[in-house]
Amino acid sequence: MQEYKAEVAARRIKEINPNVNIQAISGDVANEVGLGLFRKMDVIIGCLDSRHARYLINRHCFRVNKSWVDGGIENLEGNVRVFKPGENCYECSLSDSELMQLNFRTGCPDIANFNFVQGRVATTPVSASIIGAIQTQEALKIIHGYNEESEDHRCQTLIGRMFKYDGMFLTAKNYKMAFYEDDCLSHDLWEPIIECKELSADLKVGTVLEKLESLLNTKDVVINMMNNKFVYQLVVESTDEEIDVQLPESKVADYIESNSIKKNALDRVFQTFYENIDRDFPFQDLSLREIGFPYYDILPITTPQGIKYVELTGDSKFFDFPV
């Protein structure tokens, strides 16, 4: 029986320490983890297997002004870095070619398959344990205020540095590795954030618009859908077939595959979509969840007074830990 890694890890952590409050969320970090959850955390620890996932975590953390601890392993090697708004940025550290390949994913199964073809399968639990321990150490420094500037708890951190471990040659290095460009798009800070306990992702779009109009004291509000557009029609190029759907863009690829929409691998399917939601949006009986917003998200709202950021604080009831 296959299980999600997040759920297995959560269960194991609870077995080790029953007093820990933990909740697993199995989903795409781009569209299924609300930004409000990032905002409530003291620090974010990333155990990711692709550049694209790191890119997304980096942007989420910058939007809510949170530091995050990145760790990665491959075979008997590993490294740890800490990214802090204003000092160090993951996206700024990527080369032009790496930015172009953000969608390329090299996960743990891919590495294992490569090693098997090469006639070797490396054991990684030791490397994972070492890198995980260093990440935990750096996270605790952040939580307790241990840093280079602290008078009471002065120490060196991995902000703007990299710790690299090589298990093959039993070496460990710690060296400067800071990247920060002033014009980087990842540095977009969302503030101030307006908490609204009356708003939830389960509410219908029409109700949400009404509450936003009252909250922001204007009839002219537009909810921006950012990178997850709402698709309401597909058009198959080879047949001109029009298929009515009501899906977030993030779910369209699975829909096309599971319903055998394409006639062949080269067939193209075009999308008709909405990028913004206002009073002219025709699907106002759908909930925010149905059009692509996760629980505890933060909505960017365009108003005549500029962009406002409104948190779906009413979704706190869905989480077991204090938020």
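Residues numbered from 1 in each chain as written. Predicted model: local features only at pLDDT ≥ 70, side-chain atom pairs only at ≥ 80, totals over all residues. Heavy atoms only, no water.

### Concerning the pairing of strand E1 (residues 44–47)
The line we're drawing: The rule is simple: take the accessible area with a 1.4 Å probe, protein chains only, and divide by the maximum for that residue type; under 20% is buried, over 50% is exposed, in between is partly exposed. In DSSP terms, a helix is any run of H or I states spanning at least four residues, a strand is any run of E spanning at least two, and both are numbered starting from the N terminus. The pairing criterion for strands is at least two bridges between them, as found by DSSP. A right-handed crossover is one whose linking path, passing over the helix from the first strand to the second, runs clockwise when the strands point away from the viewer.
Across the two faces of E1 the burial differs, with Ile 44 and Gly 46 buried and Ile 45 and Cys 47 not buried at all. Relative to strand E2 (residues 68–74), E1 runs parallel, the two being bridged by four bridges. Each bridged residue has a counterpart across the sheet, and for Gly 46 the counterpart in E2 is Asp 70. With helix H3 (residues 51–63) bridging E1 and its parallel neighbour E2, the resulting β-α-β unit is right-handed.

### Quick word on the pairing of strand E13 (residues 306–312)
Side chains on a regular strand alternate between the two faces of the sheet. Bridging between strand E6 (residues 193–196) and E13 involves four bridges; their strand directions are parallel. Of the residues in E13, the one forming a bridge with Ile 194 is Val 310. Bridge count for strand E12 (residues 298–303) against E13 is six bridges, and the pairing is antiparallel. Looking at the pairing, Ile 301 lines up with Lys 308 of E13. Where E12 hands over to E13, the hairpin turn is made up of two residues, counted between the paired strands.

### Considering helix H7 (residues 205–216)
Which entries qualify depends on this criterion: Under the convention used throughout, the expected extent of a helix is 1.5 Å for every residue step, that is, one less than its residue count. Here the arc refers to the directions that run from the helix axis out to each C-beta atom. In what follows, residue pairs with any heavy atoms lying within 4.5 Å of each other are defined as contacts.
When the terminal C-alpha atoms of H7 are compared, their 16 Å separation across twelve residues agrees well with the 16 Å that a helix rising 1.5 Å per residue should span. All of the buried residues along H7 are Val 205, Gly 206, Val 208, Leu 209, Leu 212, Glu 213 and Leu 216. Angular distribution of buried residues about the axis of H7 spans 160°; they occupy a single face of the element. Those residues of H7 that are buried lie in contact with E6, strand E7 (222–224), strand E11 (276–277), helix H9 (288–291), E12 and E13.

### Some points on the sheet that holds strand E9 (residues 242–248)
Applied cut-off: Axis definition: a line fit to C-alpha positions, over the contact stretch in the case of helices; interaxial angles, taken between N-to-C directions, run 0 to 180 degrees.
Strands sit in the order E9-E8-E10 across an open sheet of three strands; the sheet is antiparallel. Two strands in the sheet have a free side with no partner beyond their single neighbour: E9 and strand E10 (269–274). Each strand of the sheet is rotated relative to its neighbour by a mean of 25°, with strand direction disregarded. Note: strand E8 (residues 230–236) against E10, six bridges, orientation antiparallel. Residue pairing in the sheet places Val 235 in a bridge with Phe 270 of E10.

### Some points on the sheet that holds strand E5 (residues 171–176)
Pairing is mixed in the open sheet, where five strands are placed in the order E1-E2-E3-E4-E5. Two strands close off the open sheet at either side, each with one partner strand: E1 and E5. Neighbour-to-neighbour, the strand axes of this sheet turn through a mean angle of 15°, independent of strand direction. Taken strand by strand, H3 contacts E1, E2 and strand E3 (77–83), and its axis lies near 170° from that of E2. Contacting E1, E2, E3 and strand E4 (161–166), helix H6 (residues 125–144) crosses the sheet at an angle of about 170° to E2.

### Some points on the pattern of salt bridges
For clarity, the cut-off: A pair is scored as a salt bridge if a Lys or Arg side-chain nitrogen falls within 4 Å of a carboxyl oxygen belonging to Asp or Glu.
All chains considered together, the criterion is met by 16 salt bridges. Three or more residues joined by partner-sharing salt bridges are found here, namely Arg 39, Lys 40, Glu 195 and Glu 311.

### Overview of unusual backbone geometry
Across the junction of Glu 191 and Pro 192, the peptide omega takes the value -10°, indicating a cis bond. As for its placement among the helices and strands, Pro 192 is situated in the loop between E5 and E6. Non-glycine residue Asn 217 carries a positive phi angle of around 60°. The class for Asn 217 is exposed, based on a relative accessible area of 72%.

### Quick word on the environment of Gln 137
Within the secondary structure, Gln 137 is located in helix H6. Given a relative accessible area of 39%, Gln 137 falls into the partly exposed group. C-alpha separation for the pair Gln 137 and Thr 157, spaced 20 residues apart in sequence, amounts to 9.4 Å.

### A short note on the state of the cysteines
In plain terms, the rule: The criterion for a disulfide is a pair of cysteine sulfur atoms lying within 2.5 Å.
As enumerated under the stated definition, the model contains zero disulfides in all. Just so you know, Cys 61 is unpaired, no disulfide at all, and the nearest cysteine sulfur is the one on Cys 89, 11 Å from it. With relative accessibility at 0%, the residue Cys 61 sits in the buried group.

### Quick notes on the side chain of Ser 287
Looking at the element boundaries, Ser 287 is found in the loop between E11 and H9. Residue class for Ser 287 comes out buried when judged on its relative accessible area of 8%. Aside from chain neighbours lying at most four places away, what touches Ser 287 is Ala 201, Asp 202, Leu 203, Lys 204 and Val 205.

### Thoughts on the packing of aromatic side chains
Let me state the cut-off plainly: Any Phe, Tyr or Trp ring, taking Trp's six-membered ring, that has another such ring centre within 6.5 Å forms a pair; planes under 30 degrees apart are called stacked, those over 60 apart edge-to-face, and the others tilted.
A full pass over the atoms with the stated rule returns 13 aromatic pairs. Considering the side-chain rings of Phe 83 and Tyr 90, the 5.8 Å spacing of their centres and the 85° angle between planes classify their relative orientation as edge-to-face. Assigned by exposure class, Phe 83 and Tyr 90 land together as buried. Three or more aromatic residues link up through ring pairs in this structure, and these residues are Phe 230, Tyr 232, Tyr 274, Phe 281 and Phe 283.

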